[in-house]
Amino acid sequence: MLDHGAPPHNGGPAAPQSEGTGMRLMRRKPVERLVAEGGRGQGGALRRSLGLWQLTMISIGATLGTGIFVVLGEAVPKAGPAVTLSFVIAGLTALFSALSYAELAGTIPVSGSSYSYAYATMGELIAWVCGWCLMLEYGVSVAAVAVGWGEYLNELLDGTIGVTLPAALSAPPGDGGIFNAPALIVVLLAMAFLLGGARESARANTVMVLVKIGALVLFCAIGVQGFRSGNYENFMPLGMAGVSAAGATLFFSYIGFDAASTAGEEAKNAQRDLPRAILLSLAIITALYVLVAAVAVGAKPWRQFTDSEATLAQIMREVTGQSFWGTLLAFCAVVAIASVVLTVLYGQTRILFAMSRDGLVPKVFARVSPRTGTPRANTLIVSLFCGVLAAAVPLGQLADATSIGTLFAFALVNVAVVVLRRSRPDMPRSFRVPLSPLLPALGLGFCLWMMGSLSTVTWVVFGVWMAVGLVFYFLYGYRRSRLAAPAPSEAK
């Protein structure tokens, strides 16, 4: 099997030592090798049990609900009524990247998602940077959404039994609390489902996705009764800068199709179904996001939106004058947001699984339980980390940090699809990005533009995160990479 990207070597023990540092950082993992290793882990293998329906539900489950149920209250003050345009811009940015994801997911159907795509096209260092961004994207996204789940849980408790959790136990430090217990609880519940197996998790997610779609349709049917056209006067009060800033914050709610691509090694027919699931889910979620945002702003003046994550339930209560509908929506939101936590947590574990199999992170993340076909230790470690993060860090900081990690990873995917087209033009592709390289270039440009809209603090956090990642890579991954050693020593 030939490596069409890495420099040739004789395969002897001294070969890796003879390579210069620059050559080692640019070594690529052949596509054929990536695909051949699909599903294999330490002590067991992942099970291929997911079809098009399950993959689409994973994609929708990881996306639909995050931006609407959780972050809408933060995005509206930034953009005003033009928040609907912010959703369109974020969705358009996601579409260009989704096309690139669809081509690569059908060509390289593995769990590593954009990390693996970068490994095959741009070399190990870029792959590591991408994988490190995905850790930020997925891990922090789980925590951000879990924070919003606690807000809706309080709404539900207040509407049903008339009590709420004390602020000290339902908000993180900096938001008036000591420890966000509900956020930790929902992450642990998602962990329990994932430990049961991919098929069982997919079934639970499907039920939750149907509940959340029903909840958003219900909101639109009731919220439109309070619609006031005057709420759309002065459509763009903070200018295009406010629209792009809100769009950048909302973009982290479009990572669902990325989560679907992490299921490449558990899909029954990944090359056929992954591209379809990615594009179908993106169309559904964008339409629902824009519709719900339009109704919400029409029913409530934009200046009255607050940082509360339970915005939709509050609007339902204000429009109807009754607590019942707001309570019902809060119940649906509790179920819906739990599905986001479940599917995004799933994606995080599968990316770490792929990186561990390549030797770039500790082997414990690639251990697979023969009984359930899941990476159990990986799931436990990631869940506990994300749960503690959710319990201790405010939502706004989490959302922006997730957005910049997502945008950076998506930018690399748009580059990777063009590189693979040029380096391996004859490789079979079940889906091809139309008008390439124009659309991937537009995707790259949109990602960079939205990254530039994020705050200086977010960039500082991102810079520190990347610096820590590079230190870890050179201390651990650079030396332990499976591509650093010839095949015989890989088995040791």
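What you are looking at is a predicted structure, and each value in this text was computed from that prediction instead of being measured.

Participant: Hey, could you go over the overall build of the chain for me, with residue numbers and the actual values?
Facilitator: If you tally the helices and strands in the chain, you get 21 helices and 2 strands. The C-alpha atoms of the chain give a radius of gyration of 22 Å, which matches the 23 Å a tight globule of 492 residues would have. Taken over the C-alpha atoms alone, the chain extends approximately 75 × 45 × 40 Å along its principal axes. In the chain, which comprises 492 residues, the share counted as buried stands at 61%. Pairs at least 24 apart in sequence give 84% of the contacts found in the chain among residues at least 6 apart.

Participant: Talk me through the pattern of salt bridges; I want residue IDs and the actual numbers.
Facilitator: Applying the stated criterion across every chain yields a total of 12 salt bridges. One salt bridge in this structure joins Arg-272 and Asp-273, with 2.7 Å as the shortest N-O distance. What emerges from the salt-bridge pattern is a single network uniting Lys-29, Arg-33, Glu-37, Asp-358 and Arg-482.

Participant: Outline the nonpolar core, listing residues and values.
Facilitator: A general feature of soluble globular proteins is that nonpolar side chains tend to end up buried together. In this structure, Phe-69, Leu-72, Val-83, Phe-87, Tyr-152, Phe-219 and Leu-312 are the most contacted members of the largest nonpolar core, which totals 153 residues. Considering every element that reaches this core, the biggest residue donor is helix α8 (residues 124-160), with 20 residues. Dropping the residues within four chain positions of it, Phe-219 is found in contact with Val-224, Val-292, Val-295, Ala-296, Leu-312, Ile-315, Met-316 and Leu-329.

Participant: Go over a nonpolar patch on the surface, please, and point to the residues and values.
Facilitator: A contiguous nonpolar patch, built from Phe-235, Met-236, Met-240 and Trp-449 and spanning about 340 Å² of accessible area, is present on the exposed surface. Take Met-240: it is sitting in helix α12 (residues 239-250). What makes Met-240 partly exposed here is its relative accessible area of 39%.

Participant: Any chance you could break down the packing of aromatic side chains for me, citing the residues and the numbers?
Facilitator: Centre distance and the angle of the planes are the two values used to describe a pair of aromatic rings. Tallied over the full model, the rule gives 19 aromatic pairs. Measuring from ring centre to ring centre gives 5.5 Å for Phe-96 and Phe-446, while their planes differ by 45 degrees; the resulting arrangement is tilted. You can see Phe-96 sitting in helix α6 (residues 83-107) and its partner Phe-446 sitting in helix α19 (residues 438-452), a full 350 residues away along the chain. For the ring pair Tyr-101 and Phe-410, a centre distance of 5.2 Å and an interplane angle of 70 degrees mean the geometry is edge-to-face.

Participant: Let's hear about the environment of Ala-215: which residues, and what values?
Facilitator: With respect to the secondary-structure elements, Ala-215 resides in helix α11 (residues 198-223). Look at Ala-215 and you get buried, because its relative accessible area is 1%. With 115 residues separating them in the primary sequence, Ala-215 and Ala-330 have C-alpha atoms 9.1 Å apart. Dropping the residues within four chain positions of it, Ala-215 is found in contact with Phe-69, Leu-329 and Cys-332.

What counts and how
- Within every chain, residues take consecutive numbers counted from 1 along the sequence as written.
- Under the rules for a predicted model, residues below a pLDDT of 70 receive no local features and side-chain atom pairs below 80 are neither given nor counted, while totals for whole chains, interfaces and linings still include all residues.
- Values reported for side chains reflect all heavy atoms of the structure, with hydrogen atoms and water molecules removed beforehand.
- Only DSSP runs of H or I reaching four residues or more are called helices, and only runs of E reaching two or more are called strands; each is numbered from the N terminus.
- In this description the radius of gyration comes from C-alpha coordinates, and the expected globular size is given by 2.2 Å times residues to the power 0.38.
- Whether a residue is buried, partly exposed or exposed follows from its accessible area with a 1.4 Å probe, protein chains only, as a fraction of its type maximum: under 20%, in between, or over 50%, in that order.
- Only heavy atoms matter for contacts: two residues are in contact if any of them lie within 4.5 Å across the pair.
- Salt bridges are defined by distance alone: a side-chain nitrogen of Lys or Arg within 4 Å of a carboxyl oxygen of Asp or Glu.
- Buried Ala, Val, Leu, Ile, Met, Phe, Trp, Tyr and Cys residues form a nonpolar core when they are joined through side-chain atoms within 4.5 Å.
- Exposure above 30% relative accessible area and the absence of a salt bridge qualify a residue for a patch, where like charges join within 9 Å and nonpolar side chains (Val, Leu, Ile, Met, Phe, Trp, Tyr) within 5 Å.
- Only the protein chains shown count as cover for residues, and the accessible areas themselves come from Shrake-Rupley with a 1.4 Å probe.
- Within 6.5 Å between ring centres, the rings of Phe, Tyr and Trp (the latter by its six-membered ring) count as paired, and their orientation is classed by plane angle as stacked under 30 degrees, edge-to-face over 60, tilted in between.

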